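Observations on the model geometry
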Amino acid sequence: MQHRRASRLKPEHRNYLSSSASATMARGGIINIKTLASLCCAVLLLLPFTAAAGRGVHGAGAGRFDYKKALHNSLLYFEAQRSGHLPYNQRVRWRGHSGLADGLQQGVDLVGGYYDAGDNVKFGLPMAFTITMLSWSAIEFGPEISSAGELGHLLEAIKRGTDYLIKAHPEPGVLWAEVGDGDTDHYCWQRPEDMTTSRQAYKVDRENPGSDLAGETAAAMAAASVVFRRYGGDARYSRLLLRHAEQLFEFGDRYRGKYDASVGEAWRYYASVSGYGDEMLWAALWLHRATGREEYLDYAVDMADEFGGTTWAINEFSWDVKYAGLQILAAKLLLEGNHRPEHRETLERYASKAEHYLCACLGKNGEAGNVNRTAGGMLFIRQWNNMQYVTNAAFLLTAYSRYLSAAGDELLWCPDGGPVRAGELRAAAEAQADYVLGDNPAGTSYMVGYGRRFPRRVHHRAASIVSHRADGRFVGCVQGYDRWFRRPAANPNVVVGAIVGGPDHRDRFSDRRSNYMQTEACTYNTAPMVGVFAHLHSERAAAAERKK
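Residues numbered from 1 in each chain as written. Predicted model: local features only at pLDDT ≥ 70, side-chain atom pairs only at ≥ 80, totals over all residues. Heavy atoms only, no water.

**Here we look at the packing of helix α4 (residues 124-147) against helix α15 (residues 387-406)**
For clarity, the threshold we go by: Each axis is a line fitted through C-alpha atoms, taken for helices only over the stretch in contact, and angles between the N-to-C directions span 0 to 180 degrees. Strands here are runs of E lasting at least two residues and helices are runs of H or I lasting at least four, both read from the DSSP assignment and numbered beginning at the N terminus. Note on convention: near helix rotated counterclockwise from far helix by under a right angle means a left-handed crossing. Clockwise means right-handed. When checking whether two residues touch, look at their non-hydrogen atoms; a contact exists if any pair is within 4.5 Å. Each residue is assigned to one of three groups, with Ala, Val, Leu, Ile, Met, Phe, Trp, Tyr, Cys and Pro labelled nonpolar, Asp, Glu, Lys and Arg labelled charged, and all others, Gly among them, labelled polar.
Contact geometry of α4 with α15 gives a least axis separation of 12 Å together with a crossing angle of 40°. When the axes of α4 and α15 are compared, the crossing they make is left-handed. Within the contact between the two elements, α4 uses F129, M133, W136, S137, E140, F141 and E144 and α15 uses N392, F395, L396, T398, A399, R402 and Y403. Looking at side-chain class alone, the contact of α4 with α15 contains eight nonpolar, three polar and three charged residues.

**Description of the UniProt feature "active site" (unreviewed entry) in the protein**
The line we're drawing: UniProt positions are given in the numbering used here, feature names are shortened, and annotations may be inferred rather than shown by experiment. Categorising residues by exposure relies on relative accessible area from a 1.4 Å probe, with only protein chains included: less than 20% of the type maximum marks a residue as buried, more than 50% marks it as exposed, and the intermediate range marks it as partly exposed. The definition of a polar contact used here is a pair of N or O atoms within 3.5 Å, where within protein one atom must be able to donate a hydrogen and the other to accept one, and adjacent residues in sequence count solely through side-chain atom pairs.
Within this numbering scheme, the UniProt entry marks H459 as carrying the feature "active site" (unreviewed entry). Here H459 shows up in the loop between α16 (422-437) and α17 (461-464). Taking relative accessible area as the criterion, H459 reaches 0% and is therefore assigned buried. A polar side-chain atom of H459 sits 2.7 Å from the main-chain carbonyl oxygen of R513.

**A short note on the state of the cysteines**
Worth spelling out the cut-off: Only a pair of cysteine sulfur atoms within 2.5 Å counts as a disulfide in this structure description.
Inspection of every chain in the model, using the stated rule, returns two disulfides. Between the sulfur atoms of C188 and its disulfide mate C477 the distance is 1.9 Å. Judged by the sign of its S-S torsion, about -90°, the cystine formed by C188 and C477 is left-handed. Of this pair, C188 sits in the loop between α6 (182-187) and β6 (201-205) while C477 sits in helix α18 (residues 477-485), and the two are 289 residues apart along the sequence. Residue C188 is classed as buried on the basis of its relative accessible area of 6%.

Right, here's the structure in full:
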């Protein structure tokens, strides 16, 4: 039986003000600083990231990578992760219907949504974050995604997630957090179509709160409401999402607590190490963007210190730690002047923390601490599924470069290196995207199905077992391990568009199914790259047009 990613199995260390000191956020949302000696050896082997890396260090010239193809693949991946009834236009044909009785034991319809990674559990927190990031991609890069012919597929991907989140929120004070049990699920290696493991569902409510889960789900629905109002042509659905978002925000704020204290089954797999303050600020800023109502911005300002929004300088952004993302949303308001005068001072403090993150990714924070970088150029946070931090960084760098440009070519000021223009942020994001696609020492694309060389033994139950369409015979719980998990051959199905956990701090990667730290892919790895790939494709097309 495989173990899970470190970010699930135990509290993650957090890189803040130095590469060797981290903050572990304790249960209940209280934050404690402690040094993690386990980092020391890794830090010695890492090099500080420098913006001079630019286009990468392995000769990736302009035009080497097909960003449009990468965008196309990204959206195919979400079809491979679907749970529930599959639609008639399903493009990933090796998948079938699954989880059709989800919620039945509890008397609620929880059919649908997504499996988070290579297992068959539906975890609410990472699923909601995935939908938030897909929606943010649509909001910022919708025209580029549309011109690439992928907007319809993106809207489908978002709506499959939001349809499930609506089901998971059947009344104002109840939110279903998880379907399936990680422990029993990991005992078996089965296709989703053959599942015999527990489909027990778990919820948070007024007596057993989960402000972090409620906040992230509110953020996802608020962001998606903007998307469907703008592109979906469905004002009614947009209003429905917004109503759920507002109810969930109120629920999370009134009944405060960490969801993994209420749902013990989630703690070992998706523990909310950062607490709930970041999700509540994140939700408030997304609700402000969706509604324009000042009460939500007032909340983000009033709770900025108590919830850490203006006090924590963070070097990572993930399904758990939202600070860098919400700080960038707040900085956007400041750049646009979209705030009342009395909010300015607090928004400036938010912006200073956003700048810390961005400068850390550029290697220009000086003594304040930078994100480490491998010799091959990859931003490196930790060994277990590091690629999630790479793709999220690429998105935030790309989004902020757009905000700077829209504000009249404003500059980012970093402690080490002075002013930074939008183009430098874009170049840094592109370097990370190119690393993912193959500009790395191994010459390997860490997006499955892209290029000639990519992981063939992805840690993924459905992909590693022959499709039920090719062989409909039932695959038993332990039989899957004996016959399929342990076989050395490549997976019979290619999970196109999946971005795996990726290489270690020395750019080393081992393509083994049992190497779950590196070969398991997650929905939240790929989601941020939808916007990044669309932007890079559009930039290249515009450059080619100018040369004519």
